[in-house]
Amino acid sequence: KFLHNAALHDKSSVYRFLTRNRLQRNIDCEHLASDIDAGFCNGKAFVCYGMTTGKVLATRVARTGALHLNEARALLHGILTALRALHDNKLVHGALKLENVVVAKQKSGPPQVVLVDAGGDLLNSSWVHSDVASSGGDRIKGLAPEVLKGLGTTARSDMYAFGALLFELLSGKPPFNASSAVD
C-alpha cells in the first residue's frame, strides 16, 4: 500500500514508520504481518505485507454486531500474542483498532488473527492535536489519554487500545461516543 500524501508532510515521521515496519519483519509471530517490505518507490512511501487472505474485524462487527465471548476468545488471544511479541522486542503497535485486525478462516482450528499497520500513529504526528481534536471519529476511539495529549505511544497505550478494542468487540459499539477528542 502506498501512503497517502497527507501522511507524508513530516518526512521524519514517515522514516520512523518505515523503520518500525522493517523492525517488525524480524519478529517471528504468526499474528503479525509477515514478509514486510517498506521503503520508497518513485518518491512515494509504501509498506507491503505478505499475502493474508481474510477480512478486517471491523467489517465483521459492523455487519453482525458484537461477538460472543466464546467466539472472541481465540481472536483476543491472537491479538495479545502479537502485542506481546512486539513489546518483547521493544516495539509498540500504536494503532490498534478493529480496522487493523485481519481475520482469516482456517480449514481446521480457530481463525488466524493478523495485526497490520503497526506504526500508523507515527505517520501524522500533528493529527492528535489538530485533526483529532476537531474531527474525532474512528481515529480516537482507542487512543489512550496520554496519546491524545501528544505524549506518544507506549506498551501501556497499546494495552489501553486493546481494552477499547475488547469493549467494542464484545458490545458492538466503541467505548466512547464522542465527536471529538475534547468531548
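None of these values were measured; they are calculated from a predicted model. (Residues numbered from 1 in each chain as written. Predicted model: local features only at pLDDT ≥ 70, side-chain atom pairs only at ≥ 80, totals over all residues. Heavy atoms only, no water.)

Each helix and strand in the protein was counted, giving six helices and five strands. Scanning the protein from its N terminus toward the C terminus, one meets helices and strands in the order α-β-β-β-α-α-β-β-α-α-α. Per-residue burial over the protein gives 45% buried out of 183 residues. Surface accessibility of the protein: about 9900 Å² in total, with carbon and sulfur atoms responsible for 55%. (Helix = DSSP H or I, 4+ residues; strand = E, 2+ residues; numbered from the N terminus. Buried < 20%, exposed > 50% of the residue type's maximum accessible area, 1.4 Å probe, protein only. Areas by Shrake-Rupley, 256 points an atom, 1.4 Å probe, with all protein chains shown as cover.)

The next subject is the nonpolar core. Ranked by size, the top nonpolar core spans 26 residues in total, and within it L32, I79, L96, V101, L115 and L169 carry the most contacts. For this core, the secondary structure elements donating two or more residues are helix 2 (57-64), helix 3 (69-88), strand 4 (101-104), strand 5 (112-115) and helix 6 (155-171). No other element matches helix 3, which puts eight residues into this core. Excluding residues within four positions of it along the chain, L32 makes contact with Q24, I27, A82, A85, L86, V114 and L115. (Core = buried A, V, L, I, M, F, W, Y, C linked by side-chain atoms within 4.5 Å. Contact = heavy atoms within 4.5 Å.)

The subject of this paragraph is empty space enclosed by the protein. What the rule picks out here adds up to one cavity of 30 Å³ or more. There is about 40 Å³ of room inside the largest cavity. For the largest cavity, the full set of lining residues is L96, K97, L98, K141, G142, A161, A164, L165, E168 and P175. Partitioned by chemical class, the residues of the lining of the largest cavity number six nonpolar, one polar and three charged. (1 Å grid on protein atoms, 1.4 Å probe; cavity = no way out; pocket = protein on both sides within 12 Å on 5 of 7 lines; lining within 4 Å. Points joined across faces, edges and corners; volume = space filled by probe spheres on them. Nonpolar A, V, L, I, M, F, W, Y, C, P; charged D, E, K, R; others polar.)

Let us look at unusual backbone geometry. One non-glycine residue with positive phi stands out, namely D35, at about 50°. Positionally, D35 belongs in the loop between helix 1 (11-24) and strand 1 (37-41). Although it is not a glycine, N42 adopts a positive phi angle of roughly 55°. Position of N42 among the secondary structure elements: in the loop between strand 1 and strand 2 (44-48).

Now for the confidence of the model for the protein. Scored by pLDDT, the protein has a mean of 82; 85% of the residues are at 70 or more. Below a pLDDT of 50 lies the segment residues 125-136, which in the model reaches 31 contacts outside its immediate sequence neighbourhood of four places, other chains included. (pLDDT = per-residue confidence, 0-100.)

Side chains carrying opposite charge are able to pair once their charged atoms draw close together. All told, the structure shown has three salt bridges when counted by the stated rule. The partner of R60 in a salt bridge is E71, and the shortest N-O contact between them spans 2.4 Å. One end of the pair, R60, is in helix 2; the other, E71, is in helix 3, with eleven residues separating them in the sequence. The shortest N-O distance in the salt bridge between R84 and D88 comes to 3.5 Å. Taken together, the positions of R84 and D88, both in helix 3 and four residues apart, correspond to about one turn of that helix. D88 carries the same exposure label as R84, and that label is exposed. (Salt bridge = Lys/Arg side-chain N within 4 Å of Asp/Glu carboxyl O.)

Now for helix 6. For helix 6, with 17 residues, the first-to-last C-alpha span of 24 Å sits near the 24 Å given by 1.5 Å per residue. Those residues of helix 6 lying buried are S157, D158, A161, F162, A164, L165, E168 and L169. One side of helix 6 holds all its buried residues, which, seen down the axis, span an arc of 165°. Contacts from the buried residues of helix 6 go to helix 2, helix 3, strand 4 and helix 5 (145-148). (Expected span 1.5 Å × (residues − 1). Arc of directions from axis to C-beta.)

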